[in-house]
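Below, each chain spelled out in residue letters.
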Amino acid sequence: MFLIITKYLIPKGFRGLTTFPFIFIRYPADKENRTFINHEKIHLRQQLELLILPFFVWYFLEFLFRLIQYKNRNLAYRNISFEREAYSKESELGYLKKRPVFKFASYLKLEKN
């Protein structure tokens, strides 16, 4: 894992972006934010499990599906299975030590509006 501080590679409205093996962060202070870094490390694990490129294809397709479902970009983003897992477990700093393989799949279940 390599932490890189940059404001240019990260889309507006986001604090970080993870592309194995890099975690790009917008704000230098986030380098010390253990919860934020744990969230991004969960994405690293997800990317490894799906052999990186398929992760991004799945992520994009699921975002499109959720956008159709919710008709709202933020809700679509928040309901991507990868994001649901990362947000729900980001505060559990030991989560990756006990995380089952492909755990993100359990977050695919559609939420009721």
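Given the structure is predicted, the values throughout are model-derived calculations rather than measurements. (Residues numbered from 1 in each chain as written. Predicted model: local features only at pLDDT ≥ 70, side-chain atom pairs only at ≥ 80, totals over all residues. Heavy atoms only, no water.)

K.L.:
Looking at this model, I keep getting lost on helix α2 (residues 53-70). Mind explaining?
P.N.:
One full turn of an α-helix is made of 3.6 residues, so residues set three or four places apart face in the same direction. Taking 1.5 Å of rise per residue, the 18 residues of α2 would be expected to cover 26 Å, and the 26 Å separating its terminal C-alpha atoms lies within 8% of that figure. Buried residues along α2 sit against α1 (34-49), α3 (73-78) and α4 (81-89). Trailing α2 by a residue or two, K71 shows a phi angle of about 55°, which is positive. (Helix = DSSP H or I, 4+ residues; strand = E, 2+ residues; numbered from the N terminus. Expected span 1.5 Å × (residues − 1). Contact = heavy atoms within 4.5 Å.)

K.L.:
Can you help me understand a nonpolar patch on the surface in this one?
P.N.:
On the surface, a nonpolar cluster with roughly 490 Å² of combined accessible area is contributed by L53, V57, F60, L61 and L64. Along the chain, the position of L53 falls in helix α2. (Patch = residues over 30% accessible without salt bridge, like charges linked within 9 Å, V, L, I, M, F, W, Y side chains within 5 Å. Areas by Shrake-Rupley, 256 points an atom, 1.4 Å probe, with all protein chains shown as cover. Salt bridge = Lys/Arg side-chain N within 4 Å of Asp/Glu carboxyl O.)

K.L.:
Would you mind going over the packing of α2 against α4 with me for this structure?
P.N.:
Two packed helices can be described by the angle between their axes and the distance between those axes. Orientation of α2 relative to α4, taken along the N-to-C sense of each, is 100°, at an axis distance of 9 Å. With respect to α4, the element α2 is oriented roughly perpendicular. Judged by residue contacts, F55, W58, Y59 and E62 of α2 engage S81, F82 and E83 from α4. (Axes fitted to C-alpha atoms, helices over the stretch in contact; angles between N-to-C directions. Parallel < 35°, antiparallel > 145°, perpendicular 65-115°, else oblique.)

K.L.:
Sorry, what's going on with the pattern of salt bridges here?
P.N.:
Pairing of side chains with opposite charge becomes possible as their charged atoms draw close. Tallied over the full model, the rule gives 6 salt bridges. For the salt bridge of R99 with E49, the shortest nitrogen-to-oxygen distance reads 2.4 Å. One end of the pair, R99, is in the segment after α5 (95-98); the other, E49, is in helix α1, and 50 residues separate them in sequence. Comparing R99 with E49 shows no difference in burial state: the two are buried. With a shortest N-O distance of 3.4 Å, K89 and E92 are connected by a salt bridge. (Buried < 20%, exposed > 50% of the residue type's maximum accessible area, 1.4 Å probe, protein only.)

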